[in-house]
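Spelled out from the first residue to the last, the chains are:
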Amino acid sequence: SPHRHGRVGDALDGLLALDTHALRCAQHTTVCAHQLKYRDMVLNDDQKLGLYVALPLYFTMFGIMGILGWRTKVKRASSQPKEDLDGEGEMVSHFVAGKSLGSFVTVMTIFASLFSGYTMVGVPNEAFKDGYKALRWIPSKLFMAFGYMCTSPRLRRISLIRHYHSPLDFITDRFRSQFLRYSIFVILLVPSIIYLAAQPITLKGNFNDLFGLEDDNVIAPVAICAFILVLEWIGGLNVVAYTDSAQGILMILAFVLMSSTLCHLYGGWGSDIFNPKTYPAPTFFQVPSTEDQVAMWSFSLQWISFAALPHFQQRTYASADFKSMKLAYFVISLAPWLTMLVGVFSGTLGVYLLQGQETSNPFTGVVAELMSASGFGYVAGLLILVGSVAAIISTADSLLIATTHMVMSEVVNPAMKNASHARVSFVSKVVSFTVMALGLVIALTDDGALSDLAAVQNGMCLQAVPTLLIGLFFAPRFTPHAWIIAVGALAGFITTVVINYTWNEKEDNYFFNAGVWGLCHNIGLMFTLEMALRLCHAGEWRAPKWDVPITDNFGGDMPITYDWLNGLMRNVREPFKSEWFVGMFLVTSVLLLPCNSAGLPELGEQAADGTYPDFAPTTVGGYPDWVFKLLMGSVVLSLTLLWGISKLPSNLDDLSDLQDDSEYLPKKKLKSSTSLPTSSPSGVPAVGKVVTTDHAIAT
């Protein structure tokens, strides 16, 4: 089904159905049947020769950056005091780079993790199939930035006092419930494994497509995954961040070269190529259907789930200072205009360039045309193709270390109390090997089921977002019991999967994202159960022993409360607590939709030469007026984000305004890089004061 495959975010399974416009529909069945057996050899021998040189150079650079990351880790370990070289110290050193990533590395590793291989390859292919509707990726990435910048400042400031390093540390510390902790663990683990398994599939598809190999050739993905695993073993997040930095630069260079070279050779959206009367896919200029418009908005909304993703929280804790994080917020709020806009342009241009050709990967076809056009285009095309490989690898290594970190922190470490530095290091290697092997096995034995799951992986992660927001921002009277939060999250998770396999199997029902349906079920069930609990049980709810986690590293028996959180952030202007900021962003995200009657203007009669002489859509700069509206709305979203970021203090890590309260500090000595509070702030309980949980206060 073209409709189903078009939603899948990997280059192998998501690109089988490429033709939707009327002029080429008759060829579709033949093309797909051919692709199931062999891929098109899009690149000629001269173009492949350039890749034989460029790819080894790239992997050499990849290895060098890995060695530099390893040396940084070793140097940092040699300068640490002996008491920090225990099992917990190894966890911090390996998985969050000793919380020492500099500004440039922080920005580039967040950029490379946010803009994955799908950005380079999948977005052009999606635009080739769906046209300007693929511009939905710009507000989608801005929703990612919105979710991340709203939650990570508060998480980071708390982590300086409570010594967080694992993605689930805050939820464990805030709610003190093993049931909720491991419910969210499952909700985040499953899509992480799916996403990791999708990367070898994408690598296999790309390499086999580039070099004309058979579909079942697995040498490239296995070798590259082994290489990634070894580098993760020797240097942890240091290596991942360093290699991300190099790969991020390569990706940016690839996007700049792709846009500038294609515009120079063929012109932009305002050129004669995009004349709606003669363009091969005139339906791209028509207003999308109501279902498509709703799907565009719900698709964008689900990407707020990135706020809860393990590899993003990992980087929140790993940065050496908040100034680096603030710079990263600026970059990811502007980057979609370079990455997504270029991807959509190259895909829509590919419709014209690849007319009459059978191609399983329009992205590669466009690059092949570019390489054939001129000597400069040849070099630019090589860098673009290598950049696409770099984008996939940057996603794979980030997912590997984040998933390993989560398993180590939540499953392995609780069973290894007081483990030595060496033992933790060895066990983490075993876990990372197991995670990578599992991802490879799933990828290489996949018969198509992974594609359906990959389509809802963000919807799965979305179910963890209410838990994060409740813990960070909700007052006691609005805070449900931890078990109810867990039940709601699990129900939303299951609903997301079920809807994707039942309701959305019917093409006409696809218009509303399964993850958003799951979120509605999640929040609705949570509200209903909490109201029932408050009506039926007026006293304090006592958690059973098995549900109480060990929290010595966070502060022992002193839980985090809403008042304590507000006291901690009282001098910080947080974007999420501004009604103007949140309202402006959400309202604009709706108003940027076309909101016009679907299918207008009509195509009219088709002439003998295949053109539509009576077709006259209103265009601005070569693209339809509804696209102009979408782009201008996205500009407002970016400006809103930039305003919110500018209000965040660069010195968020300075804790000198906090007062001393030993009961709220971890029992072990704080690191020297953290400023100790010295007296009692408003909202922070005094020593010896009895503190109840927020749910007990509510009931």
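Residues numbered from 1 in each chain as written. Predicted model: local features only at pLDDT ≥ 70, side-chain atom pairs only at ≥ 80, totals over all residues. Heavy atoms only, no water.

### So, the overall build of the protein
In step 1: In terms of helices and strands, the protein carries 26 helices and 2 strands.
In step 2: Buried positions account for 61% of the 699 residues belonging to the protein.
In step 3: Summarising the internal contacts of the protein: among those between residues at least 6 apart in sequence, 85% fall at separations of at least 24. (Helix = DSSP H or I, 4+ residues; strand = E, 2+ residues; numbered from the N terminus. Buried < 20%, exposed > 50% of the residue type's maximum accessible area, 1.4 Å probe, protein only. Contact = heavy atoms within 4.5 Å.)

### Re the packing of aromatic side chains
In step 1: For the structure on display, the rule yields 33 aromatic pairs.
In step 2: Ring geometry for Trp 269 versus Phe 345: centroids 5.6 Å apart, planes at 85°, classification edge-to-face. Taken together, the residues Trp 269 in the loop between α10 (219-266) and α11 (290-302) and Phe 345 in helix α14 (residues 336-353) connect sequence positions 76 residues apart.
In step 3: Of the residues examined, Phe 345 reaches a relative accessible area of 7% and is grouped as buried.
In step 4: With centroids separated by 5.6 Å and ring planes inclined at 80°, the aromatic side chains of Trp 269 and Tyr 623 adopt a geometry described as edge-to-face. Within this pair, whereas Trp 269 is found in the loop between α10 and α11, its partner Tyr 623 is found in strand β2 (residues 623-624), the two being separated by 354 residues in sequence. Neither residue differs from the other here; Trp 269 and Tyr 623 are each classed as buried.
In step 5: Through a chain of ring-to-ring contacts, the aromatic side chains of Tyr 132, Trp 269, Phe 274, Tyr 279, Phe 284, Phe 285, Phe 345 and Tyr 623 assemble into a single cluster.
In step 6: Over the face of the ring belonging to Trp 564 we find Arg 162, whose NZ or CZ atom lies 5.7 Å from the ring centre.
In step 7: Positioned over the ring face of Phe 175 is Arg 174, at 5.8 Å from the centre of the ring. (Phe/Tyr/Trp six-rings, centres within 6.5 Å; stacked < 30°, edge-to-face > 60°. Lys NZ or Arg CZ within 6 Å of the ring centre and 35° of its normal.)

### Thoughts on the environment of Thr 528
In step 1: Among the secondary structure elements, Thr 528 is positioned in helix α22 (residues 514-536).
In step 2: Residue classification places Thr 528 among the partly exposed residues on the basis of a relative accessible area of 48%.
In step 3: Residues Thr 528 and Ile 484, 44 residues apart in the sequence, show an inter-C-alpha distance of 9.5 Å.
In step 4: In this structure the side chain of Thr 528 is engaged in a polar contact, spanning 2.9 Å, whose partner is the backbone oxygen of Gly 524. (Polar contact = N/O pair within 3.5 Å; in protein donor to acceptor, adjacent residues only side chain to side chain.)

### Here's the deal with the pattern of salt bridges
In step 1: Under the counting rule described, the total for this entry stands at 11 salt bridges.
In step 2: The partner of Arg 136 in a salt bridge is Glu 126, and the shortest N-O contact between them spans 2.9 Å. Here Glu 126 lies in helix α6 (residues 117-130) and Arg 136 lies in the loop between α6 and α7 (137-162), a separation of 10 residues in the sequence. The same class applies to Arg 136 and to Glu 126, which are both buried.
In step 3: A salt bridge links Lys 129 to Asp 130, with the shortest nitrogen-to-oxygen separation between them at 2.7 Å. (Salt bridge = Lys/Arg side-chain N within 4 Å of Asp/Glu carboxyl O.)

### Re the confidence of the model for the protein
In step 1: For the protein, the average pLDDT comes to 81, and 83% of its residues sit at 70 or higher.
In step 2: Across the protein, the secondary-structure element scoring lowest on mean pLDDT is helix α2 (residues 28-37), at 29, and the one scoring highest is helix α20 (residues 465-473), at 95.
In step 3: Across residues 1-41, confidence stays below pLDDT 50; counting only partners more than four residues off in sequence or on other chains, it has 91 contacts.
In step 4: Per-residue pLDDT stays below 50 along residues 669-693; that stretch engages in 51 contacts with residues further than four places along the chain or on separate chains. (pLDDT = per-residue confidence, 0-100.)

### Re the nonpolar core
In step 1: Of all hydrophobic cores here, the largest spans 191 residues; its most connected members are Tyr 58, Tyr 132, Ile 158, Phe 170, Ile 184 and Ile 393.
In step 2: Beyond its immediate stretch of four places on either side in the chain, Ile 158 contacts Tyr 164, Phe 170, Leu 472, Ile 560, Trp 564, Leu 565 and Leu 568. (Core = buried A, V, L, I, M, F, W, Y, C linked by side-chain atoms within 4.5 Å.)

### So, the side chain of Ser 346
In step 1: Considering the arrangement of structural elements, one finds Ser 346 in helix α14.
In step 2: Discounting chain neighbours no more than four positions away, the residues touching Ser 346 are Pro 124, Met 258, Leu 262 and Val 366.

### A few points about α22
In step 1: Along its 23 residues, α22 runs 33 Å from first to last C-alpha, staying within 8% of the 33 Å computed at 1.5 Å per residue.
In step 2: Put simply, Asn 513 is the residue that caps the front of α22, since its side-chain oxygen is 2.8 Å from the backbone nitrogen of Gly 515. (Expected span 1.5 Å × (residues − 1).)

### Some details on a nonpolar patch on the surface
In step 1: Residues Ile 67, Trp 70, Val 74, Val 230 and Ile 234 make up a contiguous nonpolar surface patch of about 400 Å² in total accessible area.
In step 2: Of all the secondary structure elements, the ones that give two or more residues to the nonpolar patch are α3 (45-78) and α10.
In step 3: As for its position among the elements, Val 230 is in helix α10. (Patch = residues over 30% accessible without salt bridge, like charges linked within 9 Å, V, L, I, M, F, W, Y side chains within 5 Å. Areas by Shrake-Rupley, 256 points an atom, 1.4 Å probe, with all protein chains shown as cover.)

### Let's talk about unusual backbone geometry
In step 1: A positive phi angle, close to 55°, is found at Ala 97, a residue other than glycine.
In step 2: Here Ala 97 lies in the loop between α4 (87-95) and α5 (103-114).
In step 3: Judged by its relative accessible area of 0%, Ala 97 falls in the buried class.

### Some thoughts on the packing of α7 against α11
In step 1: Relative orientation of the contacting elements α7 and α11 amounts to 30°, with a least axis distance of 7 Å. It follows from the interaxial angle that α7 and α11 lie roughly parallel. For α7 against α11, the interelement crossing comes out right-handed. For the pair α7 and α11, contact is made by Trp 137, Pro 139, Ser 140 and Phe 143 and by Phe 299, Ser 300 and Leu 301, respectively. (Axes fitted to C-alpha atoms, helices over the stretch in contact; angles between N-to-C directions. Parallel < 35°, antiparallel > 145°, perpendicular 65-115°, else oblique. Left-handed = near helix turned anticlockwise from the far one by under 90°.)

### A look at helix α15 (residues 362-373)
In step 1: The terminal C-alpha atoms of α15 lie 17 Å apart, and with 12 residues this matches the ideal 16 Å at 1.5 Å per residue to within 8%.
In step 2: Burial within α15 is extensive, with 9 of its 12 residues counted as buried.
In step 3: Looking at α15, one finds that the buried residues are Pro 362, Phe 363, Thr 364, Gly 365, Val 366, Val 367, Ala 368, Leu 370 and Met 371.

### Quick look at the side chain of Arg 156
In step 1: Mapped onto the elements, Arg 156 comes out in helix α7.
In step 2: Polar side-chain contacts of Arg 156 include one of 2.8 Å to the backbone oxygen of Thr 316.
In step 3: Apart from residues lying up to four places away in sequence, Arg 156 is in contact with Thr 316, Tyr 317, Ser 319, Ala 320, Asp 321, Phe 322, Met 325 and Asp 653.

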